[in-house]
Amino acid sequence: MDISVKGALVQNGMQAASYPPRSIHSMAWMAWIAAIVVIATLTRNPFYLGLMIAIAAFVRWRWTTQLALPQVALLSPLRFSLLVVASAALFNMAMVHTGSNVLFVLPSWIPLLGGAWTLEALVYGALNGVALVSLFLGFSVLNHATSVRSLLRLIPRAFYPAAVVTSIAVSFIPTTLQQIEQIREAQAVRGHRLRGVRSWLPLTIPLLEGGVERALQLAEAMTARGFASGAPVQKRWSQWLVLAGFVGVVVGWLLQIIWRQQEIGIALLVLGTLLVLAGLWRAGRRHPHTVYRAERWQLHDWLVVLGAGVAVVAYLLPWFERETLFYYPYPTLTWPLFDWRIGLATLGLLAPALS
Amino acid sequence: MTRALRLATYSLTSLVGLAAFLYPFWLPEVTQNADGTLAHAHDSALMVTLLVGLCFVVLLLEVQQDAVGAKMIALLGVLVAINATLRFIETAIPGPGGFSPIFLLIVLGGYVFGGGFGFLLGALTLLVSALVTGGVGPWLPYQMFAAGWVGLTAPLCRPIAAFLDRVTTPRVSRALHHSLRTELWTLALFAAYWGLLYGAIMNLWFWPFAVGPAQMHWTPGVGAWETVQRYLVFYVVTSLAWDLARAGGNLLLVAVAGTALLRILRRFQRRFTFVYAPTIYQEGASQESASREGKAEIAWTSQ
Amino acid sequence: MIRFEHVTYTYPEAASPALNDLSLELPEGQLILVVGPSGAGKSTLLRCLNGLVPHFSGGMLRGAVRVGELDPVRATPRVLSRRVGFVFQDPEAQFVTEIVEDEIAFALENAAMAPQEMRVRVEETLDLLDLAPLRDRPIKTLSGGERQRVAIAAALALRPSILALDEPTSQLDPKSAEDVLNSLVRLNHDLGLTIILVEHRLERVLPYVDSILYLPDHGEPALFDDVRSIMGRVELAPPLVRLGKALGWRPLPLTIKEGLRFSRPWLAERNGTFLPRTQTGQAPAHRGAPFIRARGIRVRFGQQEALRGVDFDLWPGEIVVLMGRNGAGKTTLLRSLVGLVRPQAGVIHVAGQNIAGQDVAAICRKVGYLPQDPNTLLFAESVQEELKITLRNHQMKVEEERITALLQRLNLSHKADAYPRDLSVGERQRVALAAISVTEPGALLLDEPTRGLDYAAKHELERMLRKWRNEGMAILVVTHDVELAAAIADRVILMSQGEMIAQGSPASVLATSPLFAPQIARLFPETGWLTVEDVLGANGRCQD
């Protein structure tokens, strides 16, 4: 039933593939990948997972063809996915020895591997692999669709120093590669040959020393342009806030799962999260700076976030038949159930591909 | 006050982080329902992931205090660049097993400049190399956290080396020479130890994927210890060899390159990180103030 | 208005002060050149302007500095960055971000400027430096000159009224250097920006400079005056100016155009009594077999042909200078002679042996190769250790006498135990030279050896190379520096697009080339003179 729906969508996608998709705000992409992570962590139902993989593959196909990127992976995505699924299946079959459809039995004195190798374990392992593949696919779309620059802009202001460090590091990598080459040649020219571990020393020491000297000059240049990361602040309210919030979240969660205090647990969770956010906001104010050319948030980005939100909500809230999510082939292999409403909600993840 | 805050942050996040990483062992037992099933079994994996993320955020916020000033930030940036480049080389020219050259700088950096510096160096190395190679994946936050931990705990070597030094010096005549060696070997062993531990931690991430969530291999009556044993067997079979290669590699790298690199880092520290404010005085001033570590004193007379 | 009043500054843990009782006043709106021997404190002086000294470097500062109404000692560099922009020497180590636009916006972001205002400001700054076509480019793809222009733009984003530049062109080739200096001149003329520039290559910039600040070695007071007065009083000067001083031309000519006004009549007076070019040591006739022999070298990088069938010989006891535009193939040829680049076709013999089967380390036992950046060579704890490391690498015996003799020859005996990276640029280069020549090679190949050197260090290098040449060393130098070629070359080779297009004595190759003629040759066309000594020797006067 859903297969035909999927097929129709794929058809439509092919017809619409004539113009490039609009660029999507990095925040929207974050929402999208968060949805995929949530779903892949939660469920092992092959229908839901398969649906998600199809969607992710479609989005990936749309984005990579439009961006005209060469496929540089060592293994094509398909082969890689099959490899992952196969190894996960094999692993699980070798480790877990429960289930009624026994394929063959190894003598039980062999540690870890001994016992019955069952079909159920194989299937479950494969499902684990499939979940992994969906994660890989989702992240590969992210890698293609966003640039380092846009990802760096996402880092909240509270972490501005870390963001600057990352920015510097990214821009220094080409220089470092060049330096390595130059040092290699310079050392070769004075008779150095790479023999043994000690011979790496004449390569690494100039690299580090050169790096340190460059760091100094860079620090001077930054200071000369008004960069002030600030002296350590005495009263660290923001850090106390964040810490308190953190404790709140942990305690709330523990209350919820160990001592079954639902209301207090959830309340503490929410309170804790709010405190953390407040602390981060305060910490952000210590680094006054604005952002040049912030990405513009467009209607399409709302669609993406909405689609991701719908998908996540369907999987988290107990409105639909949540039990279908938690499919276990043990102890006997049965046919998995499927709630079409959850499946429909998953289609919300298609938003980035439609434009 | 600041020290209390730092201590609280480090201990809380490490504790929670550790517990979160080890959730397959203790969580099933404590969330057991009366009928033997597990409560919230399905959501716990997700919650744990979020919790680890939160730990990271809290720790990062605290640790940034060590990266104050353009010099530290620039030095961090350049070191992260060098380390990330070493990581490409590692993937391009695969060494034996899990050998990874990045831990050398992380350990030494943390040792010389402090835990915060080491944490940032570790975490951002992984981030930058993932960003630049387009290899951002679901394991990245765990890698960042684990690598950050390596740098964060590196300053522990200082008291250990000092202690070992005190213990062994009376027996050796050439004390100075030996003390340098003690330091080096402490660091080398530390790096080796983390080589193994890093692998174990990353494996913990992978384990639930490989063998399914807790309820599948946890049966009522089986305690935490049993599960630990099963994990250990899993670990030995799958990744011990890999991790031994990493540990051995770390040991070798630190032993060979440690002295020289330490010298370079210390030279930087000595010359360039000591003054926040200089000693200055106008013509005719009668006193100077000391320009030593961290003291922000400016003495001047009005003109 | 910039004022220094009895300023004495000592770096932390330094033995003697970098600036000693310095008092001066610099007016606004001028293009001011700061010159002086290396180590005289030029960089320190610049850094006093924007507070890097003493806030960044620590140490002890005595006296008063005033930039406008600001006191760089009380105000932080952050406050001063709005008044004084600063550009540094290394085009590789000044950037925080990847993209040109972002780099310019970095200072503005830190100042928490409103986004709308930032947009306008960035656009204006891009136009100021003609960088609009490059705005989206990653900085790593830009040339050195373009990068320095980006650095200038980034410094100007906050609209400072003063721009300080610490040797901005020393790492650049002449074309890029010219672009950067032209931008600076435009900024000064069009905006009235006060520009304070430390620069060694005076030829290009002298005509546009309003005043010069001369910082002599310790013990003598600083001099601030207009260009011609200072040039008349100091030693280090471009050839044109030196000649003008020696021959008493007043007012002192700064450009070729001004110089021709004097040189033409001077030459006309001596019509018919040209003396042939004097040269310190005539080029000896080629004796014996060439030390390096290359035939039919073809090198291709991907789609591009870097060398198209080049033949080349290098004899002992001569200095050959290889010149040409960027990308002409000079460096490729140099590198292929030591095996760093393996040609697709052709044969290279060094000391009679084909190098095809040898690795770089083996080849470099007989041929010393000095890379462009000597820092990449140095990593030992002391200068002596560097030499010993090379000997050990080649599995040669470590003889103390050999090391001491070499250090003495290179004027490094007093620095034998110094940490190489603490030395000045010229000294570091000499250490690198020592490190590669300790094996007593038969040939020396140098890649752009005068980059970043001041006149004194250049003369020192020239002297050493001539001495080596006289002892029978075969020397090949790749350079853009025409004055260097004029001073030392026995033979000059011009390359273009992977081929040698001209070869011969310096007088024949350089004198008439519009791109490569040294200043003296331009002043006296058709005489074959290339250096000041040539002219003065012809005049019958003895000069050094």
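Worth saying up front: this structure is predicted, and the values here are computed from it rather than measured.

Moving on, we get to the overall build of chain C. Counting its regular elements, chain C contains 21 helices and 19 strands. What you see for chain C is a C-alpha radius of gyration of 25 Å, in line with the 24 Å of a compact globule of 544 residues. Counting only C-alpha atoms, chain C reaches 70 × 60 × 50 Å along its principal axes. Looking at chain C as a whole, 53% of its 544 residues are labelled buried. Considering only intrachain contacts with a sequence separation of at least 6, the fraction spanning at least 24 residues in chain C is 66%.

Residues and elements named next belong to chain C. Examined at the domain level, chain C breaks down into domain 1 (2-233), domain 2 (237-281 + 519-543) and domain 3 (314-504). For domain 2 versus domain 3, the distance between C-alpha centres works out to 32 Å. Opposite the five residues of domain 2 that make contact, domain 3 presents five residues. Among the residues making up the side of domain 2 that touches domain 3, the classes are represented as two nonpolar, three polar and no charged.

Right, let's get into the interface of chain A and chain C. Taken together, the contact between chain A and chain C spans 41 residues of the former and 56 residues of the latter. Of the residues assigned to the side of chain A that touches chain C, the class counts are 21 nonpolar, twelve polar and eight charged.

Bringing the sheet that holds strand β13 (residues 345-350) of chain C into the picture now. Residue and element names in this part refer to chain C. Strand order in this open sheet of four strands is β11-β10-β13-β14, and the pairing throughout is antiparallel. Each of the sheet's edge strands pairs with one partner strand only, and the pair in question is β11 (304-314) and β14 (353-354). Pairing between β13 and β14: two bridges, direction antiparallel. Looking across to β14, one finds that V350 is bridged to Q353.

We now examine the sheet that holds strand β7 (residues 194-198) of chain C. Residue and element names in this part refer to chain C. The strand order across the open sheet built from six strands is β5-β6-β7-β3-β8-β9, with neighbouring strands paired in mixed fashion. Single-partner strands in this sheet number two, and they are β5 (84-87) and β9 (223-226). The sheet shows a mean angle of 20 degrees between the axes of neighbouring strands, taken without regard to direction. When strand β8 (residues 211-214) meets β9, the two strands line up antiparallel, connected through four bridges. Within β9, the position partnered with I212 by the bridge is D225.

Our focus in this paragraph is the pairing of β11(C). Both faces of the sheet carry side chains from a regular strand, because those side chains alternate between them. For strand β10 (residues 292-301) of chain C and β11(C), the ladder comprises eight bridges, and the chain directions are antiparallel. When the bridges of β11(C) are listed, C:I292 appears paired with C:L314.

What follows is about the interface of chain A and chain B. Reports of interface size often rely on the accessible area that becomes lost once the parts have come together. Counting residues at the interface gives 73 residues for chain A and 68 residues for chain B. Where the side of chain A that touches chain B is concerned, the elements lending two or more residues are α2 (26-42), α4 (77-95), α5 (119-145), α6 (148-153), α7 (160-189), α8 (201-224) and α9 (237-257) of chain A. Taken together, the residues of the side of chain A that touches chain B break down into 57 nonpolar, twelve polar and four charged.

Below, the discussion takes up the packing of helix α4 (residues 70-92) of chain B against helix α5 (residues 102-113) of chain B. All names here are of chain B. At a minimum axis distance of 8 Å, the contact between α4 and α5 shows a crossing angle of 155 degrees. Of the possible angle classes, the one that applies to α4 and α5 is roughly antiparallel. Between α4 and α5, the contacting residues are L79, I82, N83, L86 and R87 on the first element and I102, L105 and G109 on the second. Counted by class, the contact of α4 with α5 contains five nonpolar, two polar and one charged residues.

Time to look at the environment of B:V256. All names here are of chain B. By the secondary structure assignment, V256 is in helix α11 (residues 224-272). A residue is classified by how many C-beta atoms lie within 10 Å of it, and V256, with 20 of them, is buried. Remark: the alpha-carbon pair of V256 and L184, spanning 72 residues in sequence, is separated by 9.4 Å.

Trans is the common state for peptide bonds, and a negative phi is the common state for residues other than glycine. Residues and elements named next belong to chain C. A cis amide bond links V53 to the next residue, P54, at an omega of 5 degrees. Cis geometry is found at the peptide bond from R250 to P251, where omega equals -5 degrees. Tracing the sequence through the fold places P251 in the loop between α10 (239-247) and α11 (256-269). In the Ramachandran plot, H6 falls in the positive-phi region, its phi being about 50 degrees despite a non-glycine side chain. Of note, H6 is situated in strand β1 (residues 2-10). A tally of 12 C-beta atoms within 10 Å means that H6 is categorised as exposed.

What counts, and where the lines are drawn
Residues numbered from 1 in each chain as written. Chains lettered and ligands numbered in written order. Predicted model: local features only at pLDDT ≥ 70, side-chain atom pairs only at ≥ 80, totals over all residues. Helix = DSSP H or I, 4+ residues; strand = E, 2+ residues; numbered from the N terminus. Rg over C-alpha atoms; globule rule 2.2 N^0.38 Å. Buried ≥ 20, exposed ≤ 12 C-beta atoms within 10 Å, placed from the backbone. Contact = placed C-beta atoms within 7 Å. Domains from an automatic or database assignment. Nonpolar A, V, L, I, M, F, W, Y, C, P; charged D, E, K, R; others polar. Pairing = 2+ DSSP bridges. Axes fitted to C-alpha atoms, helices over the stretch in contact; angles between N-to-C directions. Parallel < 35°, antiparallel > 145°, perpendicular 65-115°, else oblique.

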